[in-house]
Amino acid sequence: MTVIVAIPARVASTRLPRKLLLEESGQPLFTHVFGQVAKCRLVDACVVVTGDEEICERCDKWQLPHFSTVEDHPNGTSRIAEFAEAADDLLHDDIIVNVQADEPEIDPNAIDLLISQHKIARPDMGTLVCSLDDVLKDLPNVVKAVVDYDGSVSDFHREYDPGAWQWHHIGIYSYSPEFLRRYRERGPCKTEVDRDLEQMRAIEIGAQIRAWPIRSHMPGIDTREQYDAFLARLG
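Since this is a predicted model, take the numbers as computed values, not measurements.

(A) Focus on the overall build of the protein. Scanning the protein from terminus to terminus reveals 8 helices and 9 strands. For the protein, the proportion of its 235 residues judged to be buried stands at 52%. Sequence separation of 24 or more characterises 68% of the internal contacts of the protein that already satisfy a separation of 6 or more. As presented, the protein carries roughly 11300 Å² of accessible surface, and 49% of it is formed by carbon and sulfur atoms. Taken as two groups, the 25 positive and 40 negative side-chain charges of the protein have centres that lie 2 Å from each other.

Below is the structure:
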């Protein structure tokens, strides 16, 4: 069994333009993510998956493995699915983990937890959640996962529903190669587009999704203020 972390990366971004290429820390933002993954105990390989030449150039400069995809993928899971399809040596029990390129402070222990639990449960797709803070529950950019008592995920929302057992969804995923094949074959679905949530396609195709809780999670970089705070923590 091989565990591969794929970091989907693209230059385009809305609230903080070209954020992955910001280098005020001394290196591009996304390379910090690669550094965090390198601390994981359960990861066998890590690769940046991108359709942007500028990302490829930075990978070459920093000697990071990368895989070039077409440019117009609707989301990171779709981009990783192209990578998985091209990887002829993937076996059915291998695990591909999607770590977001704008999370330079992601906890390596959280990644290892997801991998270890995926190895036991063997779902189509795994993910992480944490408690939904009252301050964050009404924010649409904070995605909520509806998790059943056994850890199965039945839905994802941007709106808070006090009648549902909702958790704060953390945007990290573990996949089986077969799931990625099905995901790519299906193509975007209506709820995926309407909610702007890539994980809704997994719901649409009837995938078995499991979520495991962690105590806390450092958010990714979406704004200039968040990037400045990250730089301050680096010292």
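(B) Just helix 8 (residues 224–234), in detail. Considered for burial, the residues of helix 8 that qualify are Y227, F230 and L231. In a view along the axis of helix 8, the buried residues occupy a sector of 100°, so they form one face of it. In this structure, helix 8 carries E225 and A232 as exposed residues pointing more than 90 degrees from its buried face. Positive phi appears at G235, one or two residues downstream of helix 8, with a value of about 85°.

(C) Inspection of the packing of aromatic side chains at higher detail. All told, the structure shown has 6 aromatic pairs when counted by the stated rule. An angle of 50° between the planes, with centres 5.9 Å apart, marks the rings of W165 and W167 as tilted. On the accessibility criterion, W165 (48% relative accessible area) is partly exposed. Centroid distance Y175 to F179: 5.6 Å. Interplanar angle 15°. Geometry classified as stacked. In terms of burial, Y175 and F179 fall into one category: buried. Members of the aromatic cluster, each reached through a chain of ring pairs, are Y173, Y175, F179 and Y183.

(D) Representation of the packing of helix 3 (residues 76–86) against helix 5 (residues 177–186). Remark: helix 3 packs on helix 5, axes separated minimally by 9 Å, with the N-to-C direction vectors making an angle of 120°. Considered as vectors, helix 3 and helix 5 are oriented oblique to each other. Judged by the sense of rotation from one axis to the other, the crossing of helix 3 with helix 5 is left-handed. Here helix 3 contributes T77, S78, I80, A81, E82, A84 and E85 to the contact with helix 5, which in turn contributes L180, Y183 and R184.

(E) Spotlight on the pattern of salt bridges. In this structure the tally under the stated criterion is 19 salt bridges. One salt bridge in this structure joins D196 and R158, with 4.0 Å as the shortest N-O distance. Of this pair, D196 sits in the loop between helix 6 (190–195) and helix 7 (200–204) while R158 is found in the loop between strand 7 (153–157) and strand 8 (166–175), placing the two residues 38 residues apart along the sequence. D196 sits in the exposed class, given a relative accessible area of 58%. Here K190 makes a salt bridge to D194, at a shortest N to O gap of 2.6 Å. A residue pair is termed a helical-turn pair when its members lie 3 or 4 positions apart in one helix, as K190 and D194 do in helix 6 at 4 residues. The same class applies to K190 and to D194, which are both exposed. One network of salt bridges, with partners in common, ties together R15, K19, D102 and D222.

(F) Expanded view of the pairing of strand 9 (residues 209–213). Burial runs high along strand 9: 4 of the 5 residues are buried. Relative to strand 9, strand 5 (residues 125–130) is paired through 5 bridges, and the arrangement is parallel. Bridging from a neighbouring strand, L128 pairs with W212 of strand 9.

(G) The nonpolar core, seen in detail. Counting residues in hydrophobic clusters, the biggest one holds 40 residues, and the most contacted among them are F30, I55, V97, V99, I111 and I172. When residues in this core are grouped by element, the largest group, 5 residues, is from helix 1 (residues 29–37). Dropping the residues within four chain positions of it, I111 is found in contact with V37, C40, V43, V99, I106 and I172. Core analysis: the second largest hydrophobic core is formed by 31 residues, V49, F179, L180 and A211 among them.

(H) Spatial organisation of the environment of C59. Relative to the assigned elements, C59 resides in helix 2 (residues 53–61). C59 sits in the buried class, given a relative accessible area of 0%.

Conventions we followed
Residues numbered from 1 in each chain as written. Predicted model: local features only at pLDDT ≥ 70, side-chain atom pairs only at ≥ 80, totals over all residues. Heavy atoms only, no water. Helix = DSSP H or I, 4+ residues; strand = E, 2+ residues; numbered from the N terminus. Buried < 20%, exposed > 50% of the residue type's maximum accessible area, 1.4 Å probe, protein only. Contact = heavy atoms within 4.5 Å. Areas by Shrake-Rupley, 256 points an atom, 1.4 Å probe, with all protein chains shown as cover. Lys, Arg positive; Asp, Glu negative; His and termini not counted. Charge placed at Lys NZ, Arg CZ, Asp CG, Glu CD. Arc of directions from axis to C-beta. Phe/Tyr/Trp six-rings, centres within 6.5 Å; stacked < 30°, edge-to-face > 60°. Axes fitted to C-alpha atoms, helices over the stretch in contact; angles between N-to-C directions. Parallel < 35°, antiparallel > 145°, perpendicular 65-115°, else oblique. Left-handed = near helix turned anticlockwise from the far one by under 90°. Salt bridge = Lys/Arg side-chain N within 4 Å of Asp/Glu carboxyl O. Pairing = 2+ DSSP bridges. Core = buried A, V, L, I, M, F, W, Y, C linked by side-chain atoms within 4.5 Å.

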